[in-house]
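# Structural features, examined
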Amino acid sequence: MEAHKYHPESLMMSFGYKPEWSEGSAKPPIFQTSTFVFKTAEEGKAYFELAYGLRKNNVDEQSGLIYSRINNPNLEILENRLCLWDKAEECAVMESGMSAISTVLLEFLNPGDLLLFSSPVYGGTDHFINHFLAKLGIEAIGFHASDSYEDIVQRIKETGKADRLAMIYVETPANPTNDIIDISSCKKIADIFSTTEKQVRLAVDNTYMGPLWSHPLQLGADVVIYSATKYIGGHSDLIAGAVLGNKEMIGRVKTLRTFLGNMPSPNTCWMLLRSLETLKIRMEQQMKNAQVIADFLQHHPKVEKVYYLGLLEPNTKEYELYKKQYSSPGAMISFDIKGGEKEAFLFLNHLKLFKLAVSLGGTEGLAQHPATMTHAGVDPEQKIKMGISEKLVRLSIGIENVADILWDIEQALEAVEITSLDYTEKLVTVV
Ligand SMILES: *Cc1c(COP(=O)(O)O)cnc(C)c1O
């Protein structure tokens, strides 16, 4: 028989772990240890030589376990399994999505460099770029999904620092509007400004669509970044992150991780290994539910506009890009409710099955108000530009029975008719 190549979802239960390593234990135990015992001093010396890059591995020589800030079996099994989805050479798991993002930016940018980034990006990323990197003398310029390739190139040249462009950082689809950015187009821009001495790196935050429905490394990205707190973790019970790419870049990220000490604990890695086993079925069910909900919202008289990739009009530029870059519309929906903050809050306060909380990608439905919650810190003028108005509500769709999700949204929208005064009374009787 021909060699068979398994799909990633079939390997999530076994890849990178052998039961004989742990008394036949079917699942990897939690290696709750800070340090690892060397058989001999010579072995310890050899492990350190490899870990510190003092010499290359001999044939068949494996790097050994030293200390849990540097390596740990739970961490390594998790990294090996995450590589399968993105077909990445290497992965570095981190203690949060933010630590994945900040470590990448710190490793590949130097004082005086120029950074190009898509806007909007996650609030924490925006703050790190505009406040912390500015302090290091790194200039950052933003661009929007609606900006043309020519405009962006022009803007880079206008800074007078085009020769210092070191990185393009992209988050797509953008949170919370689902605007999409063309990754291959960004790769072209990176190539224009790359020289033989200096490669402009392209980093993509793929939290919304990965690792199932979009593979930025295949579209030209150099690194792909995740908040593993979201779909990968998927149960709203942990904080973690990941960075994937080639050996050279991830090697550098891992080295900085060793010195920042921002690796996840063995326990968090173990929980993520468990999450990975159901990743595909969770995400697929979330997406199926989201399609039903988006259709329902689009036809509801109290809803003004729905932002969902599955509702894009065929034969538009945006639709073509969506088809090229994604294999699914995802499970994140935003919508403008008719009215403003008052109506949005009435809707949110009346949800019963959905939890009123930020974050996303978990098994349960979550709802929030971007203008006053996740994006409260964004400059008011920018907020308008990004389409984050007072009437915008964001939903992360879960795996509950879709009839129950529909019922919840329907009854919460029904409650929006009441004025806010009546509402206070009504809430008392409901409670
Ligand atoms: C949540 C999130 C982050 C930050 O991740 P943490 O795990 O909370 O640190 C970064 N990017 C996106 C798109 C996110 O949704």
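Notes on the structure in this doc start here. (Residues numbered from 1 in each chain as written. Predicted model: local features only at pLDDT ≥ 70, side-chain atom pairs only at ≥ 80, totals over all residues. Heavy atoms only, no water.)

### Regarding the pairing of strand 4 (residues 165-171)
For clarity, the threshold we go by: Relative accessibility under 20% of the residue-type maximum defines a buried residue, over 50% an exposed one, and the middle range a partly exposed one, all with a 1.4 Å probe and only protein chains included. Helical segments are the DSSP runs of H or I of at least four residues, strand segments are the runs of E of at least two, and each set is numbered from the N terminus. Note: two strands are recorded as paired if DSSP finds a minimum of 2 bridges between them. With the strands aimed away from the viewer, a crossover counts as right-handed if its path from the first strand over the helix to the second runs clockwise.
Of all the seven residues making up strand 4, seven are buried; the element is thus mostly covered by neighbouring parts of the structure. Across four bridges, strand 2 (residues 114-118) lies against strand 4 in parallel orientation. Counterpart to leucine 116 in the pairing with strand 4 is isoleucine 168. Here strand 4 pairs with strand 5 (residues 201-205) via five bridges, running parallel. Its bridge partner lying in strand 5, glutamate 171 is registered against aspartate 205. At this point the chain moves from strand 4, through helix 7 (residues 183-192), to the parallel strand 5, and the crossover so formed is right-handed.

### Describing the pattern of salt bridges
Where charged atoms of side chains with opposite charge meet at close range, the side chains can pair. The condition is simple: Salt bridges are defined by distance alone: a side-chain nitrogen of Lys or Arg within 4 Å of a carboxyl oxygen of Asp or Glu.
A complete count under the given rule lists 20 salt bridges for this structure. Here arginine 252 and glutamate 107 are joined by a salt bridge, their closest N and O atoms 2.7 Å apart. In this pair, arginine 252 is assigned in helix 8 (residues 247-260) and glutamate 107 in helix 4 (residues 97-108), connecting sequence segments 145 residues apart. A relative accessible area of 29% means that arginine 252 is categorised as partly exposed.

### Concerning helix 6 (residues 149-158)
Given 3.6 residues to a turn, an α-helix orients residues that are three or four positions apart in the same direction. The test is simple: When we speak of the arc, we mean the arc of directions from the helix axis to the C-beta atoms.
Of the residues making up helix 6, those classed as buried are Ile152, Val153 and Ile156. For helix 6, the buried positions fall inside an angular range of 100° around the axis, keeping them on one side. Exposed residues on helix 6 whose side chains face more than 90 degrees from its buried face are Glu150, Lys157 and Glu158. Glycine 160 sits one or two residues past helix 6 and shows a positive phi near 75°.

### Quick notes on the side chain of asparagine 262
Put simply, the test is: The contact definition used throughout considers only heavy atoms, calling two residues in contact when any of these lie within 4.5 Å.
Structurally, asparagine 262 can be placed in the loop between helix 8 and helix 9 (266-277). Discounting residues that sit within four places of it in the chain, asparagine 262 has contacts with Met94, Glu95, Ser99, Thr103 and Arg257.

### Some points on the side chain of serine 22
Worth spelling out the cut-off: Here a polar contact is taken to be a pair of N or O atoms separated by no more than 3.5 Å, where protein atoms must pair a possible hydrogen donor with a possible acceptor and residues adjacent in sequence count only if both atoms sit in side chains.
Examined against the element boundaries, serine 22 turns out to sit in the loop between helix 1 (8-11) and helix 2 (41-51). Within the structure, the side chain of serine 22 is placed 3.4 Å from the side chain of tyrosine 17, a separation counted as a polar contact. Beyond its immediate stretch of four places on either side in the chain, serine 22 contacts Tyr17, Pro29 and Phe31.

### Concerning the sheet that holds strand 7 (residues 241-245)
Rules: Structural elements are reduced to axes, namely lines fitted to C-alpha atoms, with helices fitted over the stretch in contact, and the angle between N-to-C directions of any two is expressed from 0 to 180 degrees.
Strands sit in the order 1-7-6-5-4-2-3 across an open sheet of seven strands; the sheet is mixed. Both outer strands of the open sheet, strand 1 (90-94) and strand 3 (139-143), are each paired with one neighbouring strand and no more. Averaged over all pairs of adjacent strands, the angle between strand axes in this sheet comes to 20°, irrespective of strand direction. Looking at chain direction, strand 1 and strand 7 are connected through five bridges and run antiparallel. The residue bridging cysteine 91 from the neighbouring strand is leucine 244, located in strand 7. Contacts from helix 8 reach strand 1, strand 5, strand 6 (223-227) and strand 7 within the one sheet, and its direction differs from that of strand 1 by about 25°.

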